[in-house]
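Summary of the model geometry
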Amino acid sequence: MAAAAAVGRLEMAALAWLALSLAVVTAVDRSNFKTCDQSSFCKRQRNVEAGSSPYRALLESLQLSQDSMKIQLINEANKVPLLLELYGLKGNMTRIRINELNPLKPRYEVPDVLVQDPPTTRLSVTGRDDNSVELSLGEGNHKLILTAKPFRMDLLEGRELVLSVNSRGLLVFEHLRQRKDSEPPKEPASDGEGAAEASDAPSSAEQESTEKTEQGEEAPKGASETEEEPGSWEETFKTHTDSKPNGPTSVGLDFSFPGVENVYGIPEHADYLRLRTTEGGDPYRLYNLDVFQYELYNPMALYGSVPVLLAHNPQRTLGIFWLNAAETWVDVTSNTAGKTLFGKMLDYMQGGGETPQTDVRWMSESGIIDVFLLLGPTPTDIFRQYASLTGTQALPPLFALAYHQSRWNYNDEEDVSTVDNGFDEHDIPYDVIWLDIEHADGKRYFTWDPNKFPRPREMLQGLAAKRRKMVSIVDPHIKVDSAYRIHNEIRSRDFYVKTKDGSDYEGWCWPGSAGYPDFTNPEMRAWWSSMFGYDHYEGSMENLYTWNDMNEPSVFNGPEVTMHKDAVHQGGWEHRDIHNLYAFYVQMATAEGQVKRSGGLERPFVLTRGFFAGSQRYGAVWTGDNAAEWDHLKISIPMCLSLALVGISFCGADVGGFFKNPEPELLVRWYQAGAYQPFFRAHAHMDTTRREPWLFGEENKALIRDAVRQRYALLPFWYTLFYHSYRTGQPVMRPLWVEYPQDATTYAIDDQYLLGDALLVHPVTAQGARGVQVYLPGKGEVWYDVHTHQKLHAPQTHYLAVTMSSIPVYQRGGSIVARKERVRRSSDCMYNDPYTLYVALGPQGTAQGELFVDDGHTFNFETKGQYLHRRFSFSGNTLTASSADPKGSFETPAWIERVVILGAGKPAAVFLKQNDVAESRLDFTHEAETSVLTIRKPAVNIGADWSISLR
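Residues numbered from 1 in each chain as written. Predicted model: local features only at pLDDT ≥ 70, side-chain atom pairs only at ≥ 80, totals over all residues. Heavy atoms only, no water.

**Quick word on the sheet that holds strand β16 (residues 308-312)**
This is how the line gets drawn: Strands were regarded as paired on the criterion that DSSP finds at least two bridges between them. A run of H or I in DSSP counts as a helix once it spans at least four residues, and a run of E counts as a strand once it spans at least two, with each numbered from the N terminus. Here an axis means a line fitted to C-alpha atoms, over the contact stretch when the element is a helix, while the angle between two N-to-C directions is reported on a 0 to 180 degree scale. In what follows, residue pairs with any heavy atoms lying within 4.5 Å of each other are defined as contacts.
Taken in spatial order, the 8 strands of this open sheet run β1-β2-β3-β4-β20-β17-β16-β14, and their pairing is antiparallel. At either margin of the open sheet sits one strand with a lone partner, and together these are β1 (55-64) and β14 (262-265). Averaged over all neighbouring strand pairs, the angle between strand axes comes to 20 degrees, with direction disregarded. On top of the sheet, helix α5 (residues 379-390) reaches β4 (93-100), β16, β17 (317-322) and β20 (369-374); it is set at about 20 degrees to β17, its chief contact.

In C-alpha cells, the structure reads:
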C-alpha cells in the first residue's frame, strides 16, 4: 500500500509539473507533434512520385447492376487484387469505394457518420473499347470514363472534364499481410467463414496471376517476400513506440481539378480560408489533437477533423468527402502556385499559359478508400449534397445563440452569484454562465465540489428564476478511483478502452490517472447518456447543459498528447482506425443524454472541442485554446468560415482569448466580432486576470454592452438562419464567394463574411485601426450601413472610417431582417417582446425575408408542427406578410411594433390592411437625408397575414 501510494504521489507530482510547464509555455511545442516525415505512412506515400499508376483495371471483371459498377484492380508490382465499387447517387453525387478483394481480415469502414444509405441512381455503359469503359451516371449530363491501364477515372459534364481520379498515378493501397518473421498464414477454413473466404472461385486478378506463373512469368511476391520499409510494423516517436500488429495498411488517392485555382475546407487548421499549396512543406493534417496554444498559419492538426474539401471556379463548385477516420494528410498542389496575377496574364497574352489545375492527394493510415464526389454545380448544391450524407446543423435552443460567460473557473456558488448579479447591475444581458473542471469533486465528472458547490440545485434554481442557464464541463477521461461511482460502473461493465494486452487503458489527464470510456460501443454510449438523468447526475436540473472538452482524446502522457494508436476498441478495432471519430461519439452520447433526461422533449446544447464529419448534428464547436492576441482575433473568422463550409455552422472562438490578458482595445474589438459570430462565449484561462465586462472602465463597459445588445436585438434573425441551416444544410456564416460565386474578387476574402444572404460583417481586427476597407459585392446591388443607413452601390471597395464604437455591418438591398429592440437581461425574458422589421429596398424597390418562431427549446416544431415560418415581401410599394409554410401553426402574443424601410421615398400616407378588418391609417416619419421611412405601431400579431401600403 505504501509503495502504491508513493507511486500515486509521483504520478500526481508529475502531472502537477506538467500542468505548470504548460501554463508558462508561450507557444506550442512543435516537437510534441509529428511532421509528415515522422509519420511513416505519410512519408511512404509521399515518396510515391507522380507518374504512371502501377494499377490496372481488369475490364473483363466488370459487373454492372442497377445501382453500381464493380471492377477489379490489380497492382502489377505485387499482384494484390482490389475491388472498386462505383455508385451513382441521387442529388448529383458519385461514390467510389476501394477495398482489398480478399483481405486477411476485415478493414475498418466508418459507421454512424452517414445519416442513411445514400439512395442510388441507375448506371449504364454507354461506350467501351479495349482499354476503357464509359458510364452514364444517371442524373444530369455526367459521364465517367474508366481507363484500364494505367488505371484512372475521368468525370465529364457533357464534353467538359470536371475532375480526374488517379490521373497522377498516386493510388496507394497497402494490403494486409503476414509479418515476415511470423507464422505463415493458415489454410482457409472449409466452412466459408471469414473475410478471406469471401469467394471460392478465383478472382480475375488471381486467375490472371496463376496463368502468368504457368507461362513462366514472374510469380506474384508473397507477403513474406515483400520488402518492408522502416515503420511498417513498429514506429517510435519520442519515447512512445507504436506496435502495428496489422502492419502497413495506409491508403491514398489523388484527385485533379482542371480549371480550378481555389480550394477550401478540410478543417481544423489555424490558417487562411483559401487553402495554400503544400509543396515544399508538410501536407495539411487531419488528426484530432490537444495542441496547447496553437500557432497560426500552418497546416498542423488541431482539435477536430472534417475530411471535406471544396473546389471552386466561376463555372462550378465541387466537393470531395473522404470518409476515413484514421490519421489523414492532404497535399494540395497547383500549376499556378507562386505565379502573380501579372504572370498569369502574361502567359495568357503570349498564348503559352496552361489551364489552371489544382491537385489534391489524400493519405490515410488505415481503413478503406470511401470517397464521395459532390458534383454541385453551385455552392448551394454542394451544401445540400453533403447535408444529405451527414445531416444538417442541429437547431439549437434559442438561449444557446445568446451570450455566454465562462472562465476556468468560477470559484464557488458565491462567485457565480456575484457574476450573475454583476450583469444585472451593469445592465448587460447574458444567458449562460459556465463552470470548468474545478466545479467537480476532485475532477470527478457528474459530481460537485462539496465545499465550493454544496447546493448546486439552489444555485441552478437561482439562475432559472432569472431565466438563465448554466453549462458544466463533463470530459471523457474518468478518474481511476475505487470510491468514484462512475469509474466503478464503467469498469464493472467493461466499458473502458483496452490496451493492446487487454487491460483497461489508462493515461494522465486533469484528474491524474484516468480511464477512457469506449464511446465506439453503443452500449457504453447508452449508459453514458443515462448518466445525465436527474436521478444520476445529482444536483442537475433542466437548465444545466454540457461542455465536452479534451475529447480528441487528450492524454497528457500519450504520444502526441493523445491515445496510443494500438489501444483497442470494441470489435477489436485499433484506436488508429477510429481516432478522429472519438470526439464525435462523445458529443453524440452527451447530446442524446440531454434529450433522454427530458423524455425526448427538449433540444440539447452540447459544446465540443473535438469533432468529425457529422458532428453538426449534435451541437456547437469552438476554436479551442486561443490567445489574447490580435492575430488570434483575425484567425477566428477563417477558422469558423472553414467549418461552416463543411456543415458545422455553430462555431465561435473564446472572446478575449483563452491565454494571456487582453488589453482593453483588443477585448472590446473581440466582443464586437464575437457578437456577429454564431457561438458567442467569453472564456479565459485560470491564470489570467478576471475580465468580466465591467472591469475595464466605464467607457469600455459601454462599448461591450452595446456589442452584446446588438447580438440580442438580432436573435430572431440568428434563429431563423439556424432554422434554414437545419432544413437545408446552408451555412449560417458564409464566405462572400458562396453568394457571389462568379466574383473572383471574393475568392480569397476571409476578413469579412455574410450572415445568411442579408448581412455583411467586417469586424475591426487590427490594433489602432482608423478605418477598414470593406468589399461590397454584387453588380448593380446596393448595401445599407445598418448603423447610419447610408446607401452604397456595389460592387466597390468602400473605405469606412472607424472609432472604437464601430462594428461595420451592412444589410443587403432586397432583404428584410427581423429584430427585437427591447433588449432585456436574457433571451427568455425577451421571448414575447415585439419585433421590428428592417426592410432594405433593392435597386428595383423590392425586398423579401423570413422569420421562424417556435417555443425556442423543444422538438415540438418537428414532432407537432408547432411553429410559425413567416415570409415578408415588399413590392409595388406594399409590404405583405404571409405564411412560408402552412403546415406550421403556433400561437404567440408577440407583435410588430415598428417597420423601418431603408431606401424609401416619403409617402403621402401609409395604410394597414388585415383580413376581415377595415383598412387603417398608420403613423410614420421620414428622414429625407437617409431615405429612411419608419412606420410606427402596426400592432399586428407576428403570426397574422397583413399588408402595409405606401401611397
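So that's the structure; there's more coming.
**Some words on the state of the cysteines**
Definition in use: Any pair of cysteine sulfurs within 2.5 Å is marked as a disulfide. The classification of residues rests on relative accessible area computed with a 1.4 Å probe and restricted to protein chains. Under 20% of the type maximum is buried, over 50% is exposed, and intermediate values are partly exposed.
Tallied over the full model, the rule gives 2 disulfides. There is a disulfide in this structure between C640 and C651, and the S-S distance comes to 2.1 Å. One disulfide, between C640 and C651, carries an S-S torsion of -75 degrees and so falls in the left-handed class. Of this pair, C640 sits in helix α12 (residues 630-645) while C651 sits in strand β30 (residues 651-652), placing them 11 residues apart in sequence. When sorted by exposure, C640 lands in the same class as C651, which is buried. Once the disulfide-bonded cysteines of the protein chain are ranked by sequence position, their pairing pattern turns out to be 1-2, 3-4.

**Focus on the sheet that holds strand β36 (residues 782-785)**
With antiparallel pairing, 6 strands are arranged side by side in an open sheet as β32-β33-β34-β39-β36-β37. The open sheet is flanked by β32 (733-734) and β37 (791-793), the only strands paired with a single partner. As defined by bridge partners, β32 adjoins strand β33 (residues 753-755) across 2 bridges and the pair is classed as antiparallel. Bridge pairing links M733 to L755 in β33.

**Quick word on the side chain of S615**
With respect to the helices and strands, the residue S615 is situated in the loop between β28 (606-608) and β29 (620-622). Take S615: its relative accessible area is 1%, and that puts it in the buried class. The residues touching S615, leaving out its near neighbours within four places in the chain, are F584, Q587 and I648.

**Topic: the pairing of strand β13 (residues 251-258)**
Along β13, 7 of the 8 residues are buried, which leaves the element largely enclosed by surrounding structure. In the sheet, strand β9 (residues 160-165) pairs with β13 via 2 bridges, with the strands oriented antiparallel. Bridged to V165 within β13 is F255. With 2 bridges joining them, strand β10 (residues 172-173) and β13 adopt antiparallel strand pairing. By the bridge assignment, F173 is partnered in β13 with V251. Two strands pair when backbone bridges link them, and β13 and strand β19 (residues 357-364) are joined in this way by 8 bridges, in the antiparallel orientation. Within β19, the residue paired with G252 across the bridge is M363.

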